Amino acid sequence: MEINHNCDLVTVPARQGLEAVDILRRGAGDAVGPVLHDDGCDTLGFVVPPGTAAGWDVPGSICTRTDGRGLSLPPEPPAEGSDWLLPPGEADLATDPAVLRAALGEAARLIEAADNCQ
């Protein structure tokens, strides 16, 4: 199966991203697509459909338009110093931006609540 290399990448702090991955994986079906992490584990990158960057406005995150430049999905990570947290597979799709937005919001609230309980 040919995987579309034309996609955008939402980058978030690792703590929020890991919470969001957990939230998405607990959801119905294949809610989360391929996810990258950097070697320093400071950020996670969610592969999202092309065009997402044009309307992305979630605080604390950045959405980069790739147009397929430098982003190769299987099997090698697209950037030096990164690796797949959730690698792409034959049936993997990009994460739905609306679902990701909701999960990142929930993750931020969970982190804030946990930090305020100390």
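Residues numbered from 1 in each chain as written. Predicted model: local features only at pLDDT ≥ 70, side-chain atom pairs only at ≥ 80, totals over all residues. Heavy atoms only, no water.

## Structural notes on the nonpolar core
Generally speaking, nonpolar side chains in soluble globular proteins are found buried as a group.
Argument step 1. One finds Val10, Leu24, Val35, Phe46, Trp56, Leu100 and Leu104 to be the most contacted residues of the largest nonpolar core, which totals 20 residues.
Argument step 2. Beyond its immediate chain neighbours, meaning those up to four positions away, valine 10 contacts Leu44, Gly45, Phe46, Val48, Trp56, Ser61, Ile62, Cys63, Leu100 and Leu104.
Argument step 3. Membership of the second largest hydrophobic core comes to five residues, among which are Leu9, Leu36, Val47 and Trp84. (Core = buried A, V, L, I, M, F, W, Y, C linked by side-chain atoms within 4.5 Å. Buried < 20%, exposed > 50% of the residue type's maximum accessible area, 1.4 Å probe, protein only. Contact = heavy atoms within 4.5 Å.)

## Some points on the sheet that holds strand S1 (residues 8-13)
Argument step 1. Spatially, five strands are ordered S4-S1-S3-S2-S5 in an open sheet, and the strand pairing comes out antiparallel. Each edge of the open sheet carries a strand with a single partner, namely strand S4 (62-65) and strand S5 (82-86). Mean inter-strand twist for the sheet, computed between neighbouring axes without regard to direction, equals 30°.
Argument step 2. Here strand S2 (residues 35-38) pairs with strand S3 (residues 43-48) via three bridges, running antiparallel. (Pairing = 2+ DSSP bridges. Helix = DSSP H or I, 4+ residues; strand = E, 2+ residues; numbered from the N terminus. Axes fitted to C-alpha atoms, helices over the stretch in contact; angles between N-to-C directions.)

## What about the environment of proline 50?
Argument step 1. Secondary-structure assignment places proline 50 in the loop between S3 and S4.
Argument step 2. Residue proline 50 is classed as partly exposed on the basis of its relative accessible area of 42%.
Argument step 3. In the structure, proline 50 is positioned 44 residues away from alanine 94 in sequence and 9.2 Å away in space, judged by C-alpha atoms.
Argument step 4. Here proline 50 is in contact with Asn6, Cys7 and Asp8, once residues within four sequence places are set aside.

## A word on the pairing of S1
Argument step 1. In the sheet, S1 pairs with S3 via six bridges, with the strands oriented antiparallel. Directly across from threonine 11, in S3, lies its bridge partner glycine 45.
Argument step 2. Here S1 pairs with S4 via four bridges, running antiparallel. Bridge assignment links aspartate 8 to a residue of S4, and that residue is arginine 65.

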